[in-house]
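# Fold and contact review
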Amino acid sequence: MTEDPYSPALLPTGFVDLLPPEARTEAEGVAALVRVFASYGYDHVRPPLMEFEETLLSGSGLSLADQSFRVMDPETRRMMVLRPDITPQIARMAATRLQRLPRPLRLSYAGSCVVVLPSAADESGRQIMQAGIELIGPDSPQADAEVICVAAEALQQLDIPGVSFDLTMPSLIPALLEEAAVPEAERPALMRALDRKDAAAVSALGGRLSEILTALLQAAGPADRVLPLLARVSLPARARAALQRLTEVVAAIKAQSPDLRLTIDPVEFRGWKYHTGVCVTVFAQGCSEELGRGGRYLCNDDEPACGLTFRPDVLFRLVPNMPVMQRVYVAPGASTDVADALRGRGVAAINSLCAPAEGEAVYYAEARRLGCSHILLDASCIELV
Ligand SMILES: N[C@@H](Cc1c[nH]c[nH+]1)C(=O)O
């Protein structure tokens, strides 16, 4: 059956309604995440949904251009963009309004974003949800490790099983190609081959670097197994320094959270192109979508920062929905104190909109129709049988 193009339920491709109980599970889950972030000193901020094009798409936001919906402001006639990612907004805030706050500056955020073309694996469509933290100021392995460990703690509190953190170093390969003076024209094909993990193409296109690139390509897996392999690869100075940093970040994570499952993929690159250091992608067993992503970058081109953004729309598909709240029908004239006490205990106490003259039979019928288990008459709560 073809859909009625004028149906009021029809939404643009990639935009969906979230209904009960999923919408409540997501809202309460996001609130729980923000509480964990706050418990580590991350203060909540709320940047706007839209910004002027020149502001959002500058600095670390430059790489968002292809994924940004643009809208003209009817008032000023200036172009505005709907944010596809919140991190560059936090970077802007840190470099402007929050410039004078002491560093390290720890901020958290949660909100919706809109992307033009979601990845094929992304079930959420074009409106995606983000909730994350940014740690601005220090450029140290301890800071990189902190955001990963806080994220791990949040997932543990949400009871998400089988979580793993995949570490990557997107600056490693470009540094290597540059230090080996691989001609600019040859780099895109080589990068594509590495991205596709096509060992034959990497070896054919790699020239003098074939052996090193093949070794890096093959060295992917659990951090404990991969780090010793990587240490044996002979790398020029900048590529070696990038690898050294990755090694230090792993050590700092292990010092804080020894049981975290860490994998390494030295040639992988996912996500926005503003990252400058160690990056991370969060996975859970049995889920093909990414639960979150993070990494190191520069706030407005100069201040070091790192962060991690969860995707609550993906995350909360993995947890059982919140149990439905018990519902009590509050008849006209019933005790508001008792109703408030019920609400305080997590029960939904639903006020009657019937006129008092309609009588008890009507209230009982209404209570049943609304799925209530009890009715509050005066100060007594009576079970509906
Ligand atoms: N916001 C980025 C991840 C990130 C947070 N901080 C730094 N990087 C993303 O969603 O891909």
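Model, not experiment: these values are computed from the prediction.

## Here's the deal with the pairing of strand β5 (residues 105-114)
- Buried residues dominate β5, accounting for seven of its 10 residues.
- Where β5 meets strand β6 (residues 127-136), 10 bridges bridge the pair, whose relative direction is antiparallel. Residue pairing in the sheet places G111 in a bridge with Q130 of β6.

## Brief notes about the packing of aromatic side chains
- Counting across every chain of the model gives one aromatic pair.
- One residue, R78, lies across the ring of F52, its end atom 3.7 Å from the ring centre.

## A look at the layout of surface pockets
- The calculated volume of the largest pocket comes to roughly 680 Å³.
- Contributing to the lining of the largest pocket are 35 residues, with D122, G271, E290, R293 and R311 lying nearest its centre.
- Looking at the lining of the largest pocket, the elements with two or more residues in it are β6, β11 (287-299) and β12 (303-310).
- Sorting elements by how many residues they give to the lining of the largest pocket places β11 first, with nine residues.
- Classifying every residue of the lining of the largest pocket gives 12 nonpolar, 13 polar and 10 charged.

## A word on the pattern of salt bridges
- For the coordinates displayed, the defined rule picks out 23 salt bridges.
- Notably, a salt bridge pairs R317 with E123, separated by 3.8 Å at the nearest N-O pair. Of this pair, R317 sits in the loop between α11 (312-315) and β13 (327-330) while E123 sits in the loop between β5 and β6, and the two are 194 residues apart along the sequence.
- The class for R317 is partly exposed, based on a relative accessible area of 40%.
- With a shortest N-O distance of 2.9 Å, D139 and R245 are connected by a salt bridge. Here D139, found in the loop between β6 and α4 (141-157), pairs with R245, found in helix α10 (residues 237-256); they are 106 residues apart in sequence, far enough to count as distant.
- Among the residues examined, D139 registers a relative accessible area of 46% and is labelled partly exposed.
- Residue class for R245 comes out buried when judged on its relative accessible area of 17%.
- What you see here is one network of salt bridges that share partners, running through D139, D144, R245 and R296.

## Thoughts on helix α1 (residues 22-39)
- Between its terminal C-alpha atoms α1 stretches 26 Å, which fits the 26 Å expected from 18 residues at 1.5 Å a residue.
- Those residues of α1 that sit buried are T25, E26, G29, V30, L33, V34, V36 and F37. The buried side chains of α1 occupy one side of the element, clustering within an arc of 165° when seen end-on. α1 presents R35 and S39 as exposed residues on the side facing more than 90 degrees away from its buried surface.
- On its buried face, α1 is in contact with β1 (43-44), β5, β6, α4, β12 and α11.
- Positioned one or two residues after α1, G41 has a phi angle of 90°, which is positive.

What counts, and where the lines are drawn
- Residues numbered from 1 in each chain as written.
- Predicted model: local features only at pLDDT ≥ 70, side-chain atom pairs only at ≥ 80, totals over all residues.
- Heavy atoms only, no water.
- Buried < 20%, exposed > 50% of the residue type's maximum accessible area, 1.4 Å probe, protein only.
- Helix = DSSP H or I, 4+ residues; strand = E, 2+ residues; numbered from the N terminus.
- Pairing = 2+ DSSP bridges.
- Phe/Tyr/Trp six-rings, centres within 6.5 Å; stacked < 30°, edge-to-face > 60°.
- Lys NZ or Arg CZ within 6 Å of the ring centre and 35° of its normal.
- 1 Å grid on protein atoms, 1.4 Å probe; cavity = no way out; pocket = protein on both sides within 12 Å on 5 of 7 lines; lining within 4 Å.
- Points joined across faces, edges and corners; volume = space filled by probe spheres on them.
- Nonpolar A, V, L, I, M, F, W, Y, C, P; charged D, E, K, R; others polar.
- Salt bridge = Lys/Arg side-chain N within 4 Å of Asp/Glu carboxyl O.
- Expected span 1.5 Å × (residues − 1).
- Arc of directions from axis to C-beta.
- Contact = heavy atoms within 4.5 Å.

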